Amino acid sequence: MHHDTVISSHGLTRRFTVKKQVVEAVTDLSIDVRRGELVAFLGPNGAGKSTSLRMLTTLIPPTSGTATVAGHDILTDPAGVRSRIGYVGQGSSGSFAQRVRDELLSQGAFYGLGRRERTERTDELIASLDLTDVASRSVQQLSGGQKRRLDVALGLVHAPEVLFLDEPSTGLDPQSRANLWEHVLTLRAQHGTTVFLTTHYLEEADRYAERVMVMDSGRVIADDTAAALKADLAGDAITLVLDDETQLPVARSVVERVAAVSAEQPEPRTLAFAAPSGSALLPTLLRELDHHDVRVATATAVPPTLDDVFLALTGRTLREADAPGGTGEDAPAGTAGPATTDTRALEGSTR
Ligand SMILES: Nc1ncnc2c1ncn2[C@@H]1O[C@H](COP(=O)(O)OP(=O)(O)OP(=O)(O)O)[C@@H](O)[C@H]1O
Ligand SMILES: [Mg+2]
């Protein structure tokens, strides 16, 4: 284990038994996350993302395997882990009669911050997560998105070393999502906080995470930077439209030789293929085509998305995989259901 490792798990596995049926939610999760990394966990509903986070945050015990988080063992020293992490759960119910500002202050007190420190943190978080207008409202009066922003603020009060966020941006409007990300990135820049989050917004993971883990059916099936995953697994989608349909056979042989992939013909004058660094091939390809007197009307290159990566890995797209109602007890992504942190209301062990 590298000395900078803050999350390290070995063979973490979690099974649930529901009506005598055994579901293996997470199988053999073995990961290492270094200090200050921002890791995004992607995967369809029921992939095991929340269960992984709940094991790492000591909310539920693993069926087997173990992990160390912020220097403490989740099995032998769960209290040590909890004192150093922040956790914002995906959503459970809970509405408090307490006012937003007081809620943050009590969370600060719960984590042992002095009066001055917790007041400062509270006011800072209220401002940066855009809660000023609702600071004196009671929590149960907030909209779904406002509640979500409060959840995130609650997870940040004690400036944790490692922050776990389960779908922090789900249900937020674009402006709030942007504010939330700004806050997370600032936090990381100022305190070197390690951030481990799940999201169904692929563009967010692509843009902000320096490392992406893709989970499917309980297993991590890819773990790399978004750029590397896209380059290795998906490649740019290139489309060439020719002036003259009769030149297609020549064009195809040139394309297949230069790109070393087979091309499709979605329309009579069109050739399409996907290739790693396909856009870098374009100039050579166009020169070769010109050399063979093939006239190209248009050439387009579309870079891959993380959805293309998932498609390449599983044969399904994440959007399709997520379409039918999700599994588990969690609210489906996309709804701004009631949500709260589990930082205080830790669930009982359910081994
Ligand atoms: N408490 C539980 N009891 C029984 N089964 C559970 C429990 N929690 C999770 N599961 C099952 O474990 C699997 C993984 O669920 P998990 O909540 O970890 O998925 P997820 O990747 O977070 O999905 P989502 O994107 O919908 O939040 C699912 O099949 C789910 O039904
Ligand atoms: Mg989940």
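Residues numbered from 1 in each chain as written. Chains lettered and ligands numbered in written order. Predicted model: local features only at pLDDT ≥ 70, side-chain atom pairs only at ≥ 80, totals over all residues.

Asker: An account of the overall build of the chain is requested, with residue identities and associated values reported.
Answerer: Of regular secondary structure, the chain possesses 12 helices and 14 strands. Classification of the 351 residues of the chain by burial places 42% in the buried group. A separation threshold of at least 6 residues defines the contact pool for the chain, and within that pool the share at least 24 residues apart is 71%. (Helix = DSSP H or I, 4+ residues; strand = E, 2+ residues; numbered from the N terminus. Buried ≥ 20, exposed ≤ 12 C-beta atoms within 10 Å, placed from the backbone. Contact = placed C-beta atoms within 7 Å.)

Asker: Explain the nonpolar core to me, using residue names and the numbers behind them.
Answerer: L42, A153, F164, V212, V214 and L306 are the most contacted members of the largest nonpolar core, which has 67 residues in total. For F164, the residues in contact, after removing those within four places along its chain, are L53, L56, T57, I85, G86, Y87 and F196. (Core = buried A, V, L, I, M, F, W, Y, C linked by C-beta atoms within 7 Å.)

Asker: Residue-level account of the sheet that holds strand β14 (residues 296-302), with values.
Answerer: The strand order across the open sheet built from three strands is β13-β12-β14, with neighbouring strands paired in antiparallel fashion. Two strands in the sheet have a free side with no partner beyond their single neighbour: β13 (270-275) and β14. For this sheet the average axis-to-axis angle between neighbouring strands, irrespective of direction, equals 15°. Bridge analysis of strand β12 (residues 236-242) against β13 gives six bridges, and the strand direction is antiparallel. Each residue of the ladder has a partner; that of L240, found in β13, is L271. Its contacts with the sheet put helix α10 (residues 278-291) on β12, β13 and β14, and the angle it makes with β14 is roughly 165°. (Pairing = 2+ DSSP bridges. Axes fitted to C-alpha atoms, helices over the stretch in contact; angles between N-to-C directions.)

Asker: Tell me about the packing of helix α8 (residues 226-234) against helix α11 (residues 306-314), residues and numbers included.
Answerer: α11 packs onto α8 with a crossing angle of 50° between their chain directions and a minimal axis gap of 9 Å. Considered as vectors, α8 and α11 are oriented oblique to each other. At the point where α8 passes α11, the crossing takes the left-handed sense. In this structure, α8 contributes A226, L229, K230, L233 and A234 to the contact, and α11 contributes L306, D308, V309, A312 and L313. Here the contact of α8 with α11 is built from residues that sort into eight nonpolar, no polar and two charged. (Parallel < 35°, antiparallel > 145°, perpendicular 65-115°, else oblique. Left-handed = near helix turned anticlockwise from the far one by under 90°. Nonpolar A, V, L, I, M, F, W, Y, C, P; charged D, E, K, R; others polar.)

Asker: Pulling in residues and values, what's your account of helix α3 (residues 100-110)?
Answerer: It helps to recall that an α-helix has 3.6 residues per turn; residues three or four apart then point in one direction. Residues of α3 that are buried include every one of V100, E103, L104, L105, Q107 and G108, and no others. Just downstream of α3 lies G112, where phi reads positive at about 80°.

Asker: Account for unusual backbone geometry, with residues named and values stated.
Answerer: Here D28, not a glycine, exhibits a phi torsion of approximately 55°, which is positive. When you line up the elements, D28 lands in strand β2 (residues 21-29). At E167, a position not held by glycine, the phi torsion is positive, near 50°. Topologically, E167 is positioned in the loop between β8 (162-166) and α6 (174-191).

Asker: Pulling in residues and values, what's your account of the sheet that holds strand β10 (residues 211-216)?
Answerer: What the six strands build is an open sheet, ordered β7-β8-β9-β4-β10-β11; its pairing is mixed. Each of the sheet's edge strands pairs with one partner strand only, and the pair in question is β7 (85-88) and β11 (219-224). Across the sheet, the mean angle separating the axes of adjacent strands is 15° when strand polarity is ignored. Relative to strand β9 (residues 194-198), β8 runs parallel, the two sharing five bridges. Opposite L165, over in β9, you have L197 as the bridge partner. Seen against the sheet, α11 touches β4 (38-42), β10 and β11 and runs at an angle of roughly 40° to β10.

Asker: Give me the pairing of strand β5 (residues 64-69): which residues, what numbers.
Answerer: In this structure, strand β1 (residues 5-18) lies alongside β5, joined through five bridges in antiparallel fashion. Residue pairing in the sheet places T13 in a bridge with S64 of β5. Across two bridges, the pairing between β5 and strand β6 (residues 72-73) is antiparallel. The partner of T68 across the bridge, within β6, is D73. As consecutive antiparallel partners, β5 and β6 are separated by two residues, and within that stretch A70 has a phi angle of approximately 50°, a positive value.

Asker: Which residues make up the environment of S30, and what values do they have?
Answerer: If you trace the backbone, S30 turns up in the loop between β2 and β3 (32-34). The exposure class assigned to S30 is exposed, which follows from the 12 C-beta atoms found within 10 Å. With 189 residues separating them along the chain, S30 and R219 place their C-alpha atoms 9.6 Å apart. With near-sequence residues (within four places) excluded, S30 lies in contact with S9, H10 and G11.

Asker: Can you lay out the environment of A222 for me, pointing to particular residues and giving the numbers?
Answerer: Locating A222 in the fold gives a position in strand β11. It is 9.8 Å that separates the C-alpha atoms of A222 and L42, two residues lying 180 residues apart in sequence. Once you skip the residues sitting within four places of it in the chain, A222 turns out to touch V214, L229, V309 and L313.

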